[in-house]
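In case you want the letters, here they are:
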Amino acid sequence: MSCAICGAETDSEYCKKCEKILDEIIHRVGEERWGAMDDCSYIYPMVKRAAKGELSINDIINAMEVED
Ligand SMILES: [Zn+2]
């Protein structure tokens with residue numbers, strides 16, 4: 001399989017690098033709020049940039065709050 005976010009080879013839906021960032025985001029926004037999102041794929045490009053060090057977790061959280 002390839003990572004749904006960055007396209008890297010992985011055994012699961014996300015590679016370890018993107019999964020770590022997603023975990024951090026979920027931890028920060030809370031499972032409840034995360035689960036209430038219809039579609040989280042709009043943050044994937046931001047997660048990809050965070051994996052490259054171009055964005056911080058904070059930047060993503062802030063962008064998510066704007067979306068609400
Ligand atoms: Zn990835």
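Our subject is the structure that appears above.
Per-chain numbering applies: the sequence of each chain, read as written, is numbered from 1 onward. Per-residue local features are limited, in this predicted model, to residues with pLDDT of at least 70; the limit for side-chain atom pairs, both in listing and counting, is 80 or more; totals at the level of whole chains, interfaces and linings are taken over all residues. Working from all heavy atoms in the structure, the side-chain values ignore hydrogens and water.

A.B. asks: So what about the overall build of the protein? Which residues, and what values?
C.D. replies: Per the convention used, a helix needs a DSSP run of H or I reaching at least four residues, while a strand needs a run of E reaching at least two, with both numbered from the N terminus. Of regular secondary structure, the protein possesses four helices and zero strands. What you see in the protein, going N to C, is helices and strands ordered as α-α-α-α. For this measure, only C-alpha atoms enter the radius of gyration; the expected value for a globule follows 2.2 Å times N^0.38, where N is the number of residues. A globule of 68 residues ought to have a C-alpha radius of gyration of about 11 Å, and the protein, at 11 Å, matches this closely. In terms of overall dimensions, the protein has C-alpha extents of about 30 × 25 × 20 Å along its principal axes. Exposure classes here rest on a 1.4 Å probe applied to the protein chains alone. A residue is buried below 20% of its type maximum, exposed above 50%, and partly exposed in between. For the protein, buried positions account for 37% of its 68 residues.

A.B. asks: Report on the nonpolar core, specifying residues and quantitative values.
C.D. replies: Residues belong to a common nonpolar core when they are buried Ala, Val, Leu, Ile, Met, Phe, Trp, Tyr or Cys residues joined through side-chain atoms within 4.5 Å. Ranked by internal contacts, the top residues of the largest apolar core, which has 24 residues, are Ile 25, Trp 34, Ile 43, Val 47 and Ile 60. Listed by contribution, the elements that provide at least two residues to this core are helix H1 (16-29), helix H3 (44-51) and helix H4 (57-67). Looking at which element gives the most residues to this core, the answer is H1, with six residues. Any two residues whose heavy atoms approach within 4.5 Å at even a single point are treated as in contact. The contact partners of Ile 43, leaving out residues within four places of it in the chain, are Leu 22, Ile 25, Trp 34, Ile 60 and Met 64.

A.B. asks: Quick one: what's the story with the environment of Ile 21, residue by residue and with numbers?
C.D. replies: If you trace the backbone, Ile 21 turns up in helix H1. Not counting the four nearest positions on each side in its chain, Ile 21 is found in contact with Val 47, Ala 50, Ala 51, Ile 57 and Ile 60.

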